[in-house]
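Spelled out, the chains give:
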Amino acid sequence: MCRHLARLGPEEPIGRALVDPPHGLYRQSWAPRRQRYGTVNADGFGVGWYAAGDPVPARYRRAGPIWADLSFADLARVVRSTALLAAVRDATLAGADAEAAAAPFAAGRWLFSHNGAVTGWPGSLAGAARTLPPQDLLTLEARNDSALVWALVLARLRAGDAPAQALADTVLEVAGAAPGSRLNLLLTDGETITATAWGDSLWYLAEPGHGSVVVASEPYDDDPRWCQVPDRTLLAAHRADVLLTPLKDLSLKDPGSHDHDPVLQDPSLKDPGLGDPTGGLASARAEEPRT
C-alpha cells in the first residue's frame, strides 16, 4: 500500500505539490486522511520528474520515511518541473530491496507507481510471469508485487499498446489471476497521466485554465474542485482534459497474449495515437468530467 501522486502543469518547484499543501504527500506519509489499508507510509519514498528538453526523467528514492530525509526539503524547494510522479510506501511484505522497491519505477520516458497489493503473491502471478521475456524477469528492479506488475505494463507498452490499454489489460490480467487484489496504477510520460482505480481511493484536480492536472490517492487540500474517481475506472489525462472510462470486470481469455479482445469500452484504444494516452479515444473536457 502507499499514497501516490502525479502532476502535469506549468513549471514550479516539486515541493509545491508534495510538501506545501496542508495534506500533501509529505504529510500523508504519517497522517493520510483516506487510506483504507495501513496507517503509515514509512517504508520508503520516491519522486521522479522531467527536466526541460530531456524526455527521460530523473528519480530520487530512499528506503526510509520521507520525513527522515533531511535533504529532501532542499531538493523539493529548488528542483522545478512541469511533470512529476511521487509515492510514499507502506510495504505489503518485508523485504531486502531497500530503495529499489520504492516507486516510481522507470523505463525510458515512463514513470510508474502501484498503490495496492497482489493477493497470494508471489504464487498467484507465476503464470503471468512466465509470459514475460526472461530478460525482463532477470532485470526486475525489486522482488515485490509492484515491480512485476510494472514489468507486465511495460511489456505491453513495448508491444505498442497505448498507455490506457496497457494499464487496463494488466489490471484485468492480475485481477483474474489474483482475485481481491488492489490495483491502483499510475503512469506518466511527462505529457500524459494514465491511472486506474481498482480497490483503493483515487482523486483528480483539473485546472484547464492553468493547463494543469493532479491525480492522487487522496486530495492534498480541501479545494472543492477535487473529483473522486469511481472504483474500477480508468483515468486518462492531459493538461486540460480528463477522461474516465469504466473498466469491464472481465477475465482475459489469454492473459499472456496481446491479441485478445479490447477490454475498454472503445476499441479505438488498440490503435495508439500520438500524444493521446487513450490511443485515439475522444476525451471529455476536464471541466465537464464524464463519471
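Per-chain numbering applies: the sequence of each chain, read as written, is numbered from 1 onward. Local features in this predicted model are restricted to residues whose pLDDT is 70 or higher, and side-chain atom pairs enter the listing and the counts only when it is 80 or higher, whereas totals over whole chains, interfaces and linings include all residues. Excluding hydrogens and water, the side-chain figures rest on all heavy atoms present in the structure.

> Teacher, can you tell me more about unusual backbone geometry here?
Negative phi is the rule for most residues except glycine; trans is the rule for most peptide bonds. Cis rather than trans, the peptide bond between Ala103 and Pro104 has omega equal to 10°. Secondary structure follows DSSP: runs of H or I at least 4 residues long count as helices, runs of E at least 2 residues long count as strands, and numbering of each begins at the N terminus. Mapped onto the fold, Pro104 is located in the loop between β4 (80-89) and β5 (105-107). Between Trp121 and the following residue, Pro122, the backbone shows a cis peptide bond with an omega angle of 5°. With respect to the helices and strands, Pro122 occurs in the loop between β6 (110-117) and α4 (126-130). The phi dihedral of Arg232 falls on the positive side, at around 60°, and the residue is not glycine. Mapped onto the fold, Arg232 is located in the loop between β11 (227-228) and β12 (233-237). Exposure is judged per residue with a 1.4 Å probe applied to protein chains only, and the accessible area is read against the type maximum: over 50% gives exposed, under 20% gives buried, and values in between give partly exposed. Under the relative-accessibility criterion, Arg232 is labelled partly exposed at 32%.

> What should I look at first to understand the sheet that holds β6 in this one?
Note: strands within a sheet are paired through backbone hydrogen bonds, in either parallel or antiparallel orientation. Here a strand pair is declared whenever DSSP counts at least two bridges between the two strands. Read across the open sheet, the six strands follow the order β5-β6-β7-β8-β12-β13; overall the sheet is antiparallel. At either margin of the open sheet sits one strand with a lone partner, and together these are β5 and β13 (242-246). In this sheet, adjacent strand axes meet at a mean angle of 15° when their direction is disregarded. Bridging between strand β8 (residues 193-197) and β12 involves five bridges; their strand directions are antiparallel. Axis geometry follows a simple rule: fit a line to the C-alpha atoms, using only the stretch in contact for helices, then measure angles between N-to-C directions, giving values from 0 to 180 degrees.

> Please explain the packing of helix α6 (residues 145-158) against helix α7 (residues 163-177) as it appears in this structure.
Two numbers describe a pair of packed helices, the interaxial angle and the distance between the axes. Packing of α6 against α7 leaves a shortest axis separation of 9 Å and a crossing angle of 135°. What the angle tells us is that α6 and α7 run oblique. For the element pair α6 and α7, the recorded crossing hand is right-handed. Residues Val149, Leu152, Val153, Arg156 and Leu157 of α6 form the contact with α7, whose own contacting residues are Pro163, Ala166, Leu167, Asp169, Thr170, Glu173 and Val174. Across the contact of α6 with α7, the residue classes tally to eight nonpolar, one polar and three charged. Oblique is the label for any angle not covered by the other classes, which are roughly parallel (under 35 degrees), roughly antiparallel (over 145) and roughly perpendicular (65 to 115). Whether a crossing is left-handed or right-handed is set by the direction in which the near helix is turned from the far one by less than a right angle, anticlockwise for left-handed and clockwise for right-handed. By definition in these notes, contact holds between two residues if any of their heavy atoms fall within 4.5 Å. Just so you know the grouping, Ala, Val, Leu, Ile, Met, Phe, Trp, Tyr, Cys and Pro go in nonpolar, Asp, Glu, Lys and Arg go in charged, and all remaining residues, Gly too, go in polar.

> Any chance you could explain the sheet that holds β4 here in plain terms?
Judged by pairing direction, the sheet is antiparallel, and its seven strands sit side by side in the order β3-β2-β4-β1-β10-β9-β11 without closing on themselves. With partners counted over all chains shown, the strands left at the sheet margins are β3 (58-62) and β11, one partner each. Pairing of strand β9 (residues 203-207) with strand β10 (residues 212-216), which is carried by five bridges, proceeds in the antiparallel orientation. Each residue of the ladder has a partner; that of Leu205, found in β10, is Val214.

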